Amino acid sequence: MPFTTVKPLLAEAEALLDKSGLRHSDELIDICCIGLGHLAREGSAYSGAVPFCTAIAPHFENELMGLMRTLKNEGREPIEPLSLYGEVQARAFALVEDMALFMREKKLRDGGGPQTTAEERILSYFESCGNWYADSGEVVTDTYYKLLPIAVMRDFADAKTKKRIHH
């Protein structure tokens, strides 16, 4: 997924979330805002670095656009604060799931090397907040804990094999 193509949307979504004031009352929304800002600034580090996760790019973009529509309240009647909060929290939840997958894949492909503070916060939140368990059997947790490590190891092994064949 070329994050550079959605960079302006990421920055705008971060600004809208920040302006809404919701990030200060909900840790999940704050984590989402941190991640959106990080991807807006560092998206080029992810473009091409997360090939396995390109499959979820359409979902990520859809949730990002949905979050922006909700925060802008485009063409709708005034939203009750509780309803707005619920919609934003649902979008933030989905976006945090996707960002955790992007960042986990990048971390694995970097050999577990140094991460930014934003990456550490998002991955730590994903692993410790109680919403996602390694053995839950859900698609996102199976992908995070099982499929991504296997896919990255397979890619490393394939690359090593190709290198030996061509030398």
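Residues numbered from 1 in each chain as written. Predicted model: local features only at pLDDT ≥ 70, side-chain atom pairs only at ≥ 80, totals over all residues. Heavy atoms only, no water.

*Asks:* Any details on the overall build of the chain? Residues and values, ideally.
*Replies:* In terms of regular secondary structure, the chain is built from six helices and zero strands. Secondary structure of the chain in N-to-C order comes out as α-α-α-α-α-α. Counting over 167 residues, the chain shows a buried share of 40%. When contacts within the chain are restricted to residue pairs at least 6 apart in sequence, those whose partners lie at least 24 apart make up 72%. Element-wise, carbon and sulfur atoms account for 55% of the exposed surface of the chain, whose accessible area totals about 8,900 Å². (Helix = DSSP H or I, 4+ residues; strand = E, 2+ residues; numbered from the N terminus. Buried < 20%, exposed > 50% of the residue type's maximum accessible area, 1.4 Å probe, protein only. Contact = heavy atoms within 4.5 Å. Areas by Shrake-Rupley, 256 points an atom, 1.4 Å probe, with all protein chains shown as cover.)

*Asks:* Break down the pattern of salt bridges for me, citing the residues and quoting the values.
*Replies:* This model, assessed by the stated rule, comprises 12 salt bridges. Of the charged contacts, one joins Arg-41 and Glu-14 as a salt bridge, the two residues approaching to 3.9 Å between their closest N and O atoms. Of the two residues, Arg-41 sits in helix α2 (residues 27-42) while Glu-14 sits in helix α1 (residues 7-20), which places them 27 residues apart along the sequence. For Glu-14, a relative accessible area of 22% translates into the label partly exposed. Linking Glu-63 and Arg-91 is a salt bridge whose minimum nitrogen-to-oxygen distance equals 3.2 Å. With Glu-63 in helix α3 (residues 57-72) and Arg-91 in helix α4 (residues 81-109), the pair connects residues that are 28 residues apart, well separated along the chain. According to the relative accessible area criterion, Glu-63 is buried, its value standing at 12%. Three or more residues joined by partner-sharing salt bridges are found here, namely Asp-18, Arg-23, Asp-30 and Arg-121. (Salt bridge = Lys/Arg side-chain N within 4 Å of Asp/Glu carboxyl O.)

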